[in-house]
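One-letter residues, chain by chain:
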Amino acid sequence: MARTRRAGGTAVLRTAQRGAAGGLLGVGALGLLLFALGREHVWQALGGGLVVAGASAVLGGALGFLFGVPRVRGGSGGEPQGSYAPNTNLEQVSDWLTKVLLGVGLTQLGSLGERLHQLGAALAPALGGEEGAAPFAAALVLHFLVLGFLTGWLVTRLALPQVLSDADQALDLFLAGQDRDRRGDKVGADDLRVRAMQHLGLLGGSVDRANEPRLPSSNATTGPESVMAEVRSTARRSALTADRVRELFADGSEDRRIQALALMQGDPALADLPSVLDAIEHPRSGFEQYHALLAARGLLYRLPAAQAQRLRDAVAGRLVAPDGIPYGSDRSWLAEKILSRLETTAPLPERAAPSPQAPLPQQTGPAAGPRPEPAGQQGDQPAEQPDRAAT
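Since the structure is predicted, the reported quantities are computational estimates derived from the model, not experimental observations.

Reading the values: rules and limits
- Within each chain, residues carry numbers counting from 1 in the order of the written sequence.
- Per-residue local features of the predicted model are confined to residues with pLDDT of at least 70, and side-chain atom pairs are confined, for both listing and counting, to 80 or more; whole-chain, interface and lining totals are unaffected and use all residues.
- Values reported for side chains reflect all heavy atoms of the structure, with hydrogen atoms and water molecules removed beforehand.
- Counting from the N terminus, the helices are the DSSP runs of H or I reaching at least four residues and the strands are the DSSP runs of E reaching at least two.
- In these tables, accessible area is a Shrake-Rupley quantity obtained with a 1.4 Å probe, and a residue counts as shielded only by the protein chains included in the view.
- Every angle, taken between N-to-C directions, lies between 0 and 180 degrees, and every axis is a line fitted to C-alpha atoms, over only the stretch in contact when it is a helix.
- Crossing handedness is read from the near helix: turned anticlockwise from the far helix by less than a right angle, it gives a left-handed crossing, and turned clockwise, a right-handed one.
- Polarity classes work like this: nonpolar for Ala, Val, Leu, Ile, Met, Phe, Trp, Tyr, Cys and Pro, charged for Asp, Glu, Lys and Arg, and polar for all others, with Gly in that last group.
- Here, a salt bridge means any side-chain nitrogen of Lys or Arg that lies within 4 Å of a carboxyl oxygen of Asp or Glu.
- Relative accessibility thresholds used throughout: buried, under 20% of the residue-type maximum; exposed, over 50%; partly exposed, between the two (1.4 Å probe, protein chains only).
- Here the nonpolar core consists of buried residues drawn from Ala, Val, Leu, Ile, Met, Phe, Trp, Tyr and Cys, with membership extended through side-chain atoms lying within 4.5 Å.
- Here pLDDT means the predictor's own confidence in every residue, given as a number from 0 to 100.
- A contact between two residues is defined here by any heavy atoms of the two lying within 4.5 Å.
- Stacked, edge-to-face and tilted labels apply to pairs of Phe, Tyr and Trp rings (six-membered ring for Trp) whose centres lie within 6.5 Å, assigned for plane angles under 30 degrees, over 60, and everything in between, in that order.
- The patches described consist of residues with a relative accessible area above 30% and no salt bridge, like charges being joined within 9 Å and nonpolar side chains (Val, Leu, Ile, Met, Phe, Trp, Tyr) within 5 Å.
- Under the convention used throughout, the expected extent of a helix is 1.5 Å for every residue step, that is, one less than its residue count.

Section: the overall build of the protein
Of regular secondary structure, the protein possesses 13 helices and two strands. Working note: accessible area of the protein is about 24,600 Å², and carbon and sulfur atoms make up 59% of it.

Here is the structure:
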């Protein structure tokens, strides 16, 4: 209830902010349009006013960005290393200006009007140069300068820290994925790469946070991805067999199926292709299908030709199905990578059982003895002719 109320209050606040920003922008644009319509040279006044307003907004936005750029925390005082704190330069400048105004006094404010008049007189020719152009130009500059400053500062203050944090986390995940790739853990490397691209907003997710599977873990605060990585890392050290993992998957519950897929990812010797294909073609959730694709990724170099074709057909079928793998998601990235690997990887040949009627191969080498002559040719060969060179 409290979370719903907080979400509703945040939505109302965002709506109010957008309404205020749109109102300020609309007032400036409407005033410029009305001013231009009353001039003799309408298009000149309108074009010049747009240029002046745009330049003022850009200058104000640049100043707002400068004052809103966050600072990197040093990791002291219990704060995580690499997190971002709000920039306090604006507060410092505000404090300095307050002290200057109090120290110098209000008598110096008289020159402010003169400076604005000079600015308006300099910009008046751009607005047509007629009567009233100078004060309107000064007002136009002040309006859009303040609007640009507030917009740039708020956007930088609210959005940039999250963008920088996501970029740092994505870089850490990419580096960790490269390290796992060098150690031969292809499945873990691809999993980290997918998570890095999700932090950058390049891929969509596979699981609804309200319906996340509840996997067993020693730490109740860890997420499902961390639990999957933990189960995957213990697969090679466990005493489970491939039959036991197959039975775990056949249990039917989504949690057991995903746990079995994590074990298959950690140790391909425990993997069962029919179980993986079932999770790809008939998944209980997008999260299960994602980890089934990861398990299939670890089997690419172990499949014979017929099984590799079955996997290719299953993945390709889910990609083109209307209710299959959504385009642009983490599952589509894995599916396309699996298909590209299957195209470039030569599958293992099928092992055919030797037929009891098949003749034994002839031995070669010194131990093979004299090779028998074909029937009908024994004793028919002419005697060896003497070397003509010797005669």
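Observations concerning the packing of helix α2 (residues 42-68) against helix α5 (residues 133-182)
Any two packed helices are characterised by how steeply their axes cross, that is the angle between the axes, and by the distance between the axes. Where α2 contacts α5, the two axes come as close as 6 Å, and the packing angle between them is 35 degrees. The interaxial crossing formed by α2 with α5 has right-handed handedness. For the contact of α2 with α5, the residue count by class is 14 nonpolar, nine polar and one charged.

A closer look at the pattern of salt bridges
Using the criterion set out here, one finds 15 salt bridges in the structure. Ionic pairing is found between K337 and D190, a salt bridge with its closest N-O pair at 2.7 Å. Separated by 147 residues along the polypeptide, K337 in helix α13 (residues 330-344) and D190 in helix α6 (residues 186-199) bring together distant segments of the chain. The class for K337 is buried, based on a relative accessible area of 15%. Note that D251 and R256 form a salt bridge whose closest N and O atoms lie 3.9 Å from each other. Residue D251 is classed as partly exposed on the basis of its relative accessible area of 44%. Because the salt bridges share partners, they merge into one network encompassing D181, K186, D190, R193, R297 and K337.

Quick word on the nonpolar core
With 44 residues, the main nonpolar core has M264, V276, I280, L293, L311, V315 and I338 as its most contacted residues. When residues of this core are traced back to their parent elements, those giving at least two are α6, α7 (224-233), α8 (242-249), α9 (254-266), α10 (273-281), α11 (286-297), α12 (305-320) and α13. Ranked by residue count, the leading element in this core is α11, at seven residues. V52, A53, A137 and L140 belong to the second largest nonpolar core, which has 17 residues in total.

Focus: the confidence of the model for the protein
Regions with low pLDDT carry predicted coordinates that are not meant to be interpreted in detail. Summing up the model confidence of the protein, the mean pLDDT is 76 and the portion of residues at 70 or higher is 71%. Low pLDDT, under 50, characterises residues 217-221; the predicted model gives this stretch four contacts beyond four residues in sequence or across chains.

A word on the packing of aromatic side chains
Taken as a whole, this structure holds one aromatic pair when the rule is applied. With a centroid separation of 4.1 Å and 5 degrees between ring planes, the pair formed by F35 and F136 is classed as stacked. Residue F35 is found in helix α1 (residues 2-37), and its partner F136 is found in helix α5; the two are separated by 101 residues along the sequence.

Some remarks on a nonpolar patch on the surface
On the surface, a nonpolar cluster with roughly 390 Å² of combined accessible area is contributed by L30, L33, L34 and L37. Locating L33 in the fold gives a position in helix α1. Its relative accessible area of 38% is what places L33 among the partly exposed residues.

Description of α13
With 15 residues, α13 extends 22 Å from end C-alpha to end C-alpha; this agrees with the ideal 21 Å at 1.5 Å per step. Of all the residues in α13, the buried ones are D330, R331, S332, L334, A335, K337, I338, L339 and L342. Where α13 is buried, its residues meet α6, α11 and α12.

Remarks on the side chain of S275
On the secondary structure map, S275 appears in helix α10. Leave out the neighbours within four places in its chain, and S275 touches R246, F249 and M264.

Let's talk about the environment of Q309
Following the sequence through the fold, Q309 ends up in helix α12. Sequence separation between Q309 and L342 is 33 residues, and the spatial gap between their C-alpha atoms is 8.6 Å.

Some details on the environment of E225
Its location among the elements puts E225 in helix α7. E225 sits 30 residues away from R195 along the chain, and the two C-alpha atoms are 9.4 Å apart. Beyond its immediate chain neighbours, meaning those up to four positions away, E225 contacts D191, R195, F287, Y290 and H291.

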